Amino acid sequence: MSLGQVVRGPAPPAGSAGTVPGVELARVVPVSGRRRVVPRWVRRAVGPVGLVVWWQVLSATGVLEGDILASPGTIAATAGDLVADGTLPSAMLVSLQRVAIGLVLGGVAGVVLALVSGLSRLGEDLVDATVQMLRSIPWVGVIPLFIIWLGIGEAPKIALISLGVAFHLYLNVYAGIRGVDAQLVEAGTSLGLSRWALIRHVVLPGALPGAMTGLRYSLATAWLALVFGEQVNADDGLGFLMNQAREFFRTDVIVVCLVVYAILGLIADFLVRTLERLLLQWRPTFTGQ
């Protein structure tokens, strides 16, 4: 409800339109009131900060023992030591390289298959059934086959990431293409657009929101696949650090690696959101109230 001040002034001349004889009119002047708004980053930080504080209290009071889960203070000190001696930056760089290569290979494969299947009925008949069949197989379960086929080097790790990425992108890009309004396609055809122009100016822009959603899912799957992939005879990377920490019951190192995974995932999601805002400016959406 807006606030205002009542300012009394001279009454309008008698007989004016909209006036009542004997009634004094008052002019309402709105008063601008500013509501103190808490920044979004503060509101979003309340939950994580509260969780960490509660965790520290449980550790300090002895309710949560250190051999079960290290305290936040211990984890922060361990992270500082791993950064200082270069162990954590080196492991992060190796893991990022694996994710980047797997994301590119799987992304290209998923998008190409989705275009073939989504733009053509013949392509759908040849491709979609096979992809749907393979998608139903747990991709983590093919690790033994990848080891037999590709050895125990970098290849099976990257192949596992690519496999998880490709399926997510395929499904979302295919759904985005087939979700384009048929009336828009008919309108483009009526305007004389060629098949390539129709795909370029109507179909692909309409499928872009689905592609962005698939990219977000693919990034999350890439980090998940990396965790499993780095269990395969890895001698460096975040998964290697976690394996070593598990053998020595170092819960602090394990949690540090998990936090790094989470931070990298948040950064990747932020980059995709930024890309969405740049590419989908023509598509206003509801952002909450």
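For every chain, the first residue of the written sequence is number 1, and numbering continues from 1 onward in sequence order. This being a predicted model, a pLDDT of at least 70 is required before a residue's local features are given, and a value of 80 or more before pairs of side-chain atoms are given or counted; all residues contribute to the totals for chains, interfaces and linings. Hydrogens and waters are ignored; side-chain quantities use all the structure's heavy atoms.

1. Considering the side chain of Asp-252
Consideration 1: Only DSSP runs of H or I covering at least 4 residues are called helices, and only runs of E covering at least 2 are called strands; the numbering of each starts at the N terminus. Tracing the sequence through the fold places Asp-252 in helix H10 (residues 251–279).
Consideration 2: Under the relative-accessibility criterion, Asp-252 is labelled buried at 9%.
Consideration 3: Between N or O atoms, a polar contact is any pair within 3.5 Å; within protein, one atom must be a potential hydrogen donor and the other a potential acceptor, and residues adjacent in sequence are included only when both atoms are from side chains. A polar contact is formed between the side chain of Asp-252 and the side chain of Thr-78, at a distance of 2.8 Å. Burial classification: accessible surface area is computed with a 1.4 Å probe over protein chains only, and a residue below 20% of its type maximum counts as buried, one above 50% as exposed, and the rest as partly exposed.

2. Things to note about a nonpolar patch on the surface
Consideration 1: Residues enter patches when they are more than 30% accessible in relative terms and free of salt bridges; like-charged ones are connected within 9 Å and nonpolar ones (Val, Leu, Ile, Met, Phe, Trp, Tyr) within 5 Å. Only the protein chains shown count as cover for residues, and the accessible areas themselves come from Shrake-Rupley with a 1.4 Å probe. Here, a salt bridge means any side-chain nitrogen of Lys or Arg that lies within 4 Å of a carboxyl oxygen of Asp or Glu. Together, Val-259, Ile-263, Ile-267, Phe-270 and Leu-271 make up a nonpolar patch on the protein surface, roughly 470 Å² of accessible area in all.
Consideration 2: When you line up the elements, Ile-263 lands in helix H10.

3. Brief notes about helix H2 (residues 72–84)
Consideration 1: When the terminal C-alpha atoms of H2 are compared, their 18 Å separation across 13 residues agrees well with the 18 Å that a helix rising 1.5 Å per residue should span.
Consideration 2: Residues of H2 that are buried include every one of Pro-72, Ile-75, Thr-78 and Leu-82, and no others. Projected onto a plane normal to the axis of H2, the buried residues spread over an arc of 120 degrees and lie on a single side. What points out from H2, more than 90 degrees from its buried face, is the exposed set Asp-81 and Ala-84.
Consideration 3: It only takes one pair of heavy atoms within 4.5 Å for two residues to be counted as in contact. Of the surrounding secondary structure, the elements contacted by the buried residues of H2 are helix H1 (40–60), helix H3 (87–119) and H10.
Consideration 4: Immediately beyond the C-terminal end of H2, within one or two residues, lies Gly-86, with a positive phi of roughly 85 degrees. Expected helix span is taken as 1.5 Å per residue step, with the number of steps being one fewer than the number of residues. Think of it as the arc spanned by the lines of direction from the helix axis to the C-beta atoms.

4. As for the packing of aromatic side chains
Consideration 1: Side-chain rings of Phe, Tyr and Trp, where Trp is taken by its six-membered ring, are said to pair if the distance between their centres is within 6.5 Å; with planes under 30 degrees apart they count as stacked, over 60 as edge-to-face, and otherwise as tilted. All chains considered together, the criterion is met by three aromatic pairs.
Consideration 2: Between Phe-146 and Trp-149, the ring centres sit 6.3 Å apart and the planes meet at 55 degrees, which makes this aromatic pair tilted. Linking Phe-146 with Trp-149, this pair stays in helix H5 (residues 143–150), spanning three residues, or about one helical turn.
Consideration 3: Accessibility expressed as a relative area gives 59% for Trp-149, which makes it exposed.
Consideration 4: Judged by centre distance (5.8 Å) and plane angle (10 degrees), the ring pair of Tyr-170 and Tyr-174 falls under stacked. Of the two residues, Tyr-170 and Tyr-174 both sit in helix H6 (residues 155–178), four residues apart, roughly one turn of that helix.
Consideration 5: Residue classification places Tyr-174 among the buried residues on the basis of a relative accessible area of 15%.

5. Focus: unusual backbone geometry
Consideration 1: The phi dihedral of Phe-249 is positive, around 55 degrees, even though this residue is not glycine.
Consideration 2: By secondary structure assignment, the location of Phe-249 is in the loop between helix H9 (238–247) and H10.
Consideration 3: Residue classification places Phe-249 among the exposed residues on the basis of a relative accessible area of 71%.

6. A word on the pattern of salt bridges
Any two side chains of opposite charge can pair, given that their charged atoms come close.
Consideration 1: Within the structure shown, the criterion is met by six salt bridges.
Consideration 2: Salt-bridge contacts for Glu-154 lead to Arg-98; the nearest nitrogen and oxygen are separated by 2.8 Å. Residue Glu-154 is located in the loop between H5 and H6, and its partner Arg-98 is located in helix H3; the two are separated by 56 residues in the primary sequence.
Consideration 3: Glu-154 sits in the partly exposed class, given a relative accessible area of 37%.
Consideration 4: Here Arg-273 ties to Asp-269 by a salt bridge, and the two come within 2.9 Å at their closest N and O atoms.

7. Topic: the nonpolar core
Consideration 1: Counting 47 residues, the largest nonpolar core has Leu-88, Leu-160, Ile-161, Trp-223 and Leu-238 as its most contacted members.
Consideration 2: Secondary structure elements with two or more residues in this core: H2, H3, helix H4 (121–135), H5, H6, helix H8 (195–229), H9 and H10.
Consideration 3: With 10 residues, H8 is the largest single contributor of residues to this core.
Consideration 4: Those residues in contact with Trp-223 that sit more than four places away from it in its chain are Leu-96, Val-99, Tyr-261, Leu-264, Gly-265 and Ala-268. We call a set of buried residues a nonpolar core when its members are Ala, Val, Leu, Ile, Met, Phe, Trp, Tyr or Cys and they connect through side-chain atoms within 4.5 Å of each other.

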